[in-house]
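Topology and contacts: notes
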Amino acid sequence: MLYRIIVFLHVISTFGFLLSHGASVSMAFALKRERDVKKIRALLDLSGASYPLMSLTLLASIIFGIIAGFQGHWWKFGWIWASIALLVLITALMYFWGSRIYGAARKAVEHSSEPSWSDEELFAALKKSNPILLTLIGYGGYAIIAW
């Protein structure tokens with residue numbers, strides 16, 4: 001019975017992660033076409049506000065997944081290792097192609113008297129983002145893990 005509860009907590013914490021990450025996904029698509037710096041700041045702030053819940057639910061998913069792995073004696077099977085490797089790969093790719101661009105954009109529009117970038121530099125940085133690629137990596141990676 002405890003094993004089923006742990007698996008349930010693993011699954012719902014994963015759902016919580018995906019739900020809280022939705023703010024960042026929506027932001028990524030909206031920023032591709034936005035040219036109002038105040039709206040860009042608001043979108044980046046909204047996405048940033050989702051990070052605590054996103055981090056907490058991802059951590060919970062990992063912890064409950066590890067516990068379920070021990071309770072179910074799954075560590076001798078390749079699928080659990082492949083799932084962990086995919087999660088690490090997804091995280092690395094999201095950082096490389098997502099967090100670096102949006103993190104730099106956040107710093108550029110920080111609430112200060114002197115913006116660190118010109119509007120043109122900000123738009124050029126955001127133009128480098130690829131929300132479709134990020135969605136394929138995230139959604140596709142999680143689809144493979146779920147399979």
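Small disclaimer: the values here were computed from a predicted structure and weren't measured.

To continue, consider the overall build of the protein chain. Counting its secondary structure elements, the protein chain contains six helices and zero strands. Along the protein chain, helices and strands appear, N-terminal first, in the series α-α-α-α-α-α. Counting the 147 residues in the protein chain, one finds 32% classified as buried. Restricting to contacts in the protein chain with at least 6 residues of sequence separation, those with at least 24 account for 77%. Within the structure as shown, the protein chain displays about 9,500 Å² of accessible surface, and the carbon and sulfur contribution to it stands at 72%. Charge centroids of the protein chain, computed over 13 positive and 8 negative side chains, lie 14 Å from each other.

What follows concerns the nonpolar core. Judged by nonpolar contacts, the single largest core of 23 residues is most densely connected at Met27, Leu31, Ile40, Leu44, Tyr102, Leu122 and Leu126. Put simply, the parts of the chain that give this core at least two residues each are helix 1 (2-31), helix 2 (37-49), helix 4 (78-108), helix 5 (119-127) and helix 6 (131-146). It is helix 4 that contributes the most residues to this core, six residues altogether. Dropping the residues within four chain positions of it, Leu44 is found in contact with Met27, Leu31, Tyr102, Ala105, Arg106 and Val109.

In this structure, Phe17 sits in helix 1. Separated by 34 residues in the primary sequence, Phe17 and Tyr51 have C-alpha atoms spaced 9.7 Å apart.

Turning next to unusual backbone geometry. Negative phi values dominate among residues other than glycine, just as trans dominates among peptide bonds. For His73, which is not glycine, the phi torsion reads 55° and is therefore positive. Its place among the elements puts His73 in the loop between helix 3 (51-71) and helix 4. Accessibility expressed as a relative area gives 56% for His73, which makes it exposed.

Scoring rules and cut-offs
- Residues numbered from 1 in each chain as written.
- Predicted model: local features only at pLDDT ≥ 70, side-chain atom pairs only at ≥ 80, totals over all residues.
- Heavy atoms only, no water.
- Helix = DSSP H or I, 4+ residues; strand = E, 2+ residues; numbered from the N terminus.
- Buried < 20%, exposed > 50% of the residue type's maximum accessible area, 1.4 Å probe, protein only.
- Contact = heavy atoms within 4.5 Å.
- Areas by Shrake-Rupley, 256 points an atom, 1.4 Å probe, with all protein chains shown as cover.
- Lys, Arg positive; Asp, Glu negative; His and termini not counted.
- Charge placed at Lys NZ, Arg CZ, Asp CG, Glu CD.
- Core = buried A, V, L, I, M, F, W, Y, C linked by side-chain atoms within 4.5 Å.

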